[in-house]
Amino acid sequence: MRLHRAVLYLLPLLALGAKLAAASGLAFVVNSGGASISLIDMSSEKEMHRIPVLREPHHVALTPDGKSLLVGDTVGNEMLFLDPSTGAVQKRMPVADPYQLGFSPNGRFLVVNGLARNQVDVYDAASMQLLKRFPIASMPSHLDYAPDSSRVFVSLQGTDSMVAIDLTKMAVLWKEKVGKTPAGVLWHDGKVLVADMGTDYVAVVDPADGHVINRIHTGKGAHNLFVSPDRKIIWVNNRVGGTTTSLDATTLTPIRTYTIPGGPDDIAFAPDGRLWITRRFAEKVAVLDPKTGDYQTIDVGRSPHGLFLNPKGSAEPSVAVR
Amino acid sequence: MGDPFDLAAGWLQEHLLIPLLYWAGLMEWEDVSYGWALFAVYGACQVAITFAVCLPLERWRPVERWPDAQAVWVDVLYTVISRVGILPLFTFVLFYRAQVALNGFLTDHGWVPPTLERLLPFLLGAPVLTFVAYAIILDCADYWRHRLSHMVRWWWALHSLHHAQRQMTFWSDDRNHVLDDLISALWFGVIALAIGVPPLQFPLLVLVLRFLESLSHANARVSFGWLGERLLISPRFHRAHHGLLAAGQRSCNYGAVLPWWDMLFGTADFSRAYVATGDPSGEEALATGSYLRQQWAGLRRFAATFAGPVRRRT
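Just so it is clear, the structure is predicted and the values come from calculations on it, not from any experiment.

Calculation criteria
- Residues numbered from 1 in each chain as written.
- Chains lettered and ligands numbered in written order.
- Predicted model: local features only at pLDDT ≥ 70, side-chain atom pairs only at ≥ 80, totals over all residues.
- Contact = placed C-beta atoms within 7 Å.
- Helix = DSSP H or I, 4+ residues; strand = E, 2+ residues; numbered from the N terminus.
- Nonpolar A, V, L, I, M, F, W, Y, C, P; charged D, E, K, R; others polar.
- Axes fitted to C-alpha atoms, helices over the stretch in contact; angles between N-to-C directions.
- Parallel < 35°, antiparallel > 145°, perpendicular 65-115°, else oblique.
- Left-handed = near helix turned anticlockwise from the far one by under 90°.
- Pairing = 2+ DSSP bridges.
- pLDDT = per-residue confidence, 0-100.
- Core = buried A, V, L, I, M, F, W, Y, C linked by C-beta atoms within 7 Å.
- Buried ≥ 20, exposed ≤ 12 C-beta atoms within 10 Å, placed from the backbone.
- Expected span 1.5 Å × (residues − 1).
- Arc of directions from axis to C-beta.

### Quick word on the interface of chain B and chain A
Moving on, step 1. Contacts between chain B and chain A engage 28 residues on the former and 31 residues on the latter.
Moving on, step 2. Among the elements of the structure, α1 (4-24), α2 (30-60) and α4 (86-108) of chain B are those that each provide at least two residues to the side of chain B that touches chain A.
Moving on, step 3. Ranked by residues supplied to the side of chain B that touches chain A, first place goes to α1 of chain B with eight residues.
Moving on, step 4. Split by residue class, the side of chain B that touches chain A holds 13 nonpolar, nine polar and six charged.

### Regarding the packing of α1 of chain B against α2 of chain B
All names here are of chain B.
Moving on, step 1. For the pair α1 and α2, interaxial distance at closest approach is 8 Å and the crossing angle is 130 degrees. Put simply, α1 runs oblique to α2. Read as a crossing pair, α1 and α2 show a hand that is right-handed. Along the contact surface, α1 presents Phe5, Ala8, Ala9, Leu12, Gln13, Leu17, Ile18 and Leu21, while α2 presents Glu30, Ser33, Tyr34, Ala37, Leu38, Ala40, Val41, Tyr42 and Cys45.

### A short note on the sheet that holds strand β15 (residues 171-177) of chain A
The strands making up a sheet are joined through hydrogen bonds of the backbone, oriented either antiparallel or parallel.
All names here are of chain A.
Moving on, step 1. Strand order in the open sheet made by the four strands is β12-β13-β14-β15, with antiparallel pairing throughout. Only two strands of the sheet have a single neighbouring strand rather than two, namely β12 (140-145) and β15. Put simply, the sheet's adjacent strands are angled 20 degrees from each other on average, direction ignored.

### Re the confidence of the model for chain B
All names here are of chain B.
Moving on, step 1. Predicted confidence across chain B gives a mean pLDDT of 86, with 89% of residues reaching 70 or more.
Moving on, step 2. Per-residue pLDDT, averaged within each element of chain B, yields its smallest value for α4 (68) and its largest for helix α12 (residues 260-264) (97).
Moving on, step 3. Interface confidence for the predicted complex, given as ipTM, is 0.81, next to a pTM of 0.81.

### Some points on the packing of helix α6 (residues 127-151) of chain B against helix α7 (residues 153-163) of chain B
Residue and element names in this part refer to chain B.
Moving on, step 1. It is at 6 Å that the axes of α6 and α7 come closest, and there the two elements cross at 105 degrees. Between α6 and α7, the interaxial angle falls into the category roughly perpendicular. Contacts between α6 and α7 involve Leu148, Ser149 and His150 from the first element and Trp155, Trp156 and His159 from the second.
Moving on, step 2. Per-class residue counts for the contact of α6 with α7 are three nonpolar, three polar and no charged.

### Regarding the nonpolar core
Moving on, step 1. Counting residues in hydrophobic clusters, the biggest one holds 90 residues, and the most contacted among them are Phe28, Val194 and Val202 of chain A.
Moving on, step 2. Once residues within four sequence positions are removed from consideration, valine 194 of chain A is found in contact with Ser155, Met162, Val178, Gly179, Pro182, Val185, Val202, Ala203 and Val205 of chain A.

### Some thoughts on the environment of isoleucine 49 of chain B
Moving on, step 1. Structurally, the position occupied by isoleucine 49 of chain B is in helix α2.
Moving on, step 2. When the C-alpha atoms of isoleucine 49 of chain B and phenylalanine 211 of chain B are compared, they prove to be 7.8 Å apart, with 162 residues separating the residues in sequence.

### Describing the sheet that holds strand β17 (residues 191-196) of chain A
Residues and elements named next belong to chain A.
Moving on, step 1. On the basis of which strands lie adjacent, the open sheet formed by four strands has the order β16-β17-β18-β19 and antiparallel pairing. Each end of this open sheet is capped by a strand with a single partner; those strands are β16 (182-188) and β19 (212-217). Taken pair by pair, the neighbouring strands of this sheet meet at an average axis angle of 25 degrees, ignoring direction.
Moving on, step 2. When β16 meets β17, the two strands line up antiparallel, connected through five bridges. Among the inter-strand pairings, histidine 188 is bridged to a residue of β17, identified as lysine 191.

### As for helix α14 (residues 291-307) of chain B
Residues and elements named next belong to chain B.
Moving on, step 1. For α14, built from 17 residues, the straight-helix expectation of 24 Å at 1.5 Å per residue is met to within 8% by its first-to-last C-alpha distance of 25 Å.
Moving on, step 2. Regarding α14, the residues found buried are Gln294, Ala297, Gly298, Arg301 and Phe302. Buried residues along α14 cover an arc of 140 degrees about the axis, so they all sit on one side. Exposed and oriented more than 90 degrees from the buried face of α14 are Leu292, Ala303, Phe306 and Ala307.

### Quick look at the environment of glutamine 129 of chain A
Residue and element names in this part refer to chain A.
Moving on, step 1. Examined against the element boundaries, glutamine 129 turns out to sit in strand β11 (residues 129-135).
Moving on, step 2. For the pair glutamine 129 and alanine 249, spaced 120 residues apart in the sequence, the C-alpha separation amounts to 36 Å.
Moving on, step 3. Sequence-distant contacts of glutamine 129, that is, excluding residues within four places in its chain, are made with Tyr123 and Asp124.

### Quick notes on helix α8 (residues 178-195) of chain B
Moving on, step 1. Taking 1.5 Å per residue, 18 residues should reach 26 Å; α8 of chain B reaches 25 Å between its end C-alpha atoms and fits that length.
Moving on, step 2. Phi turns positive, to about 70 degrees, at glycine 196 of chain B, one or two residues after α8 of chain B.

### A closer look at the pairing of strand β22 (residues 243-248) of chain A
All names here are of chain A.
Moving on, step 1. The pairing of strand β21 (residues 233-238) with β22 spans six bridges and is antiparallel. Across the sheet, the residue bridging to tryptophan 235 is serine 246, located in β22.
Moving on, step 2. Hairpin connection from β21 to β22: four residues lie between these consecutive antiparallel strands, with glycine 242 at a positive phi of about 65 degrees.
Moving on, step 3. As paired strands, β22 and strand β23 (residues 254-259) are joined by five bridges and run antiparallel to one another. Bridge pairing in β23 links leucine 247 to proline 254.

This is how it looks when you write it as structure tokens:
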């Protein structure tokens, strides 16, 4: 009888323990149109909470020490610093039009593109002091660095060009035509790959002078591209076609095209080998199994854009209840 | 399951706007075009809901009955143009770059455009409260915009188009000269720089406010009672503003949603009930002309103010 009662008392604790054990992994999905960030439990693939943001957040970047996740709110002119393990807001900092952002591989610089204001800001990553502002027309959108952090490459979505900035001399190296509407940028194997949203290809660009070496056809509205953690596959999201194309990272030849409707945009790679893809017009994240081509969907907020997965994180108890 | 309005906007974006932008070589605008798609979907819903509620009201308790309601059809056109996003798209294209340039200029000089939530941090995470705070401030700003549009001679020449309608119905809310609409967009653009207006964060609540504005123009004997009239603007209250005696500089009841500003600034008139509407000083084309004739007549009246005194009822 006593044992029975003890089990009854323990049941809630056991249930809580099971819940905590299951809640491993925290995903952050930035809802650009909904002014919020969805926190998703990666194990149950359910949204747990939304962090309110001022106006229009877009992209994320993890600080080099891994202690903060930066989220840029463009219209709100604000940078949010979140705890990547719990989602707790660490601080909010006024920053002009932070659209796409990224830390240099050596951790020294933070480059922030102001898409609406036609500016590329270079910050000292440690102090967050603005080192230099480059007024560059028009619509600087995506970026990536050379591995030695000496240069940053920025696509100019409002033009047909990309710009290379020398971070040691703080000067523009070149600005060259690379496509109709350049968007996603990725340094890969000594070249710069640029997705061209205005056409259906990824341009392979020589980082030395900006001339286009090759064009890889992927799908209508090639928008953004990411390299897999094992660096064997490059994934390209095609906005207009509603597809995701995998490219062999060595040969850059297409391997397979997956149908992901609803405006596929950013990608993050989960430890189980699946890809998390934001679908801008569907209020959903697709979790794609590349082996089968099947995908699960997770409901999030309006116009989901940037995302970040922390397999070791879990939402702190104070924010875990919606 | 996502928000049905958002999903409808997403469908519009994916299947119509994006292919159109891709075809036209304008893909750089694909991100911002989603905002327009949302605006169009919510606008269409506004029109449908307003129609479903106001039309029965107008049939049930009309203030006036007209043998021929031909003049109302032009107001229907004004509503569609304004609310499904054609006019907002036009003003966006016109003002977007200017606003961004000004915003950038101010930020470069160390003045990050503020927001109410930054001034009052407790508002962040309280969306309804935030919206109410913005709605009150913007309603006050609209009161003064509207009052000035009566006081300033050239502005009244444009705004008189709104008052020319003798067959006022719930469709009449959007009957404005395009220049008057552009001035409004500029007015609220400046306010956005000062307090930061959340563009599409609260579309459902915006839908409710726009519904109330349409309802206030309805040709219906509807009053909210002594207390209700002092909390929200009713068709009875706003009709006094459109009365024959109120067209021009010395009007009354300028408010759009809240009557508080009229009460506070001494322009409220709760005594006039269900008066005849129109602007006797305006030419006939402003009242019964086609859309283009009304716009042209408004433009001529506007231009004439710079040449000499405009006839105005005071």
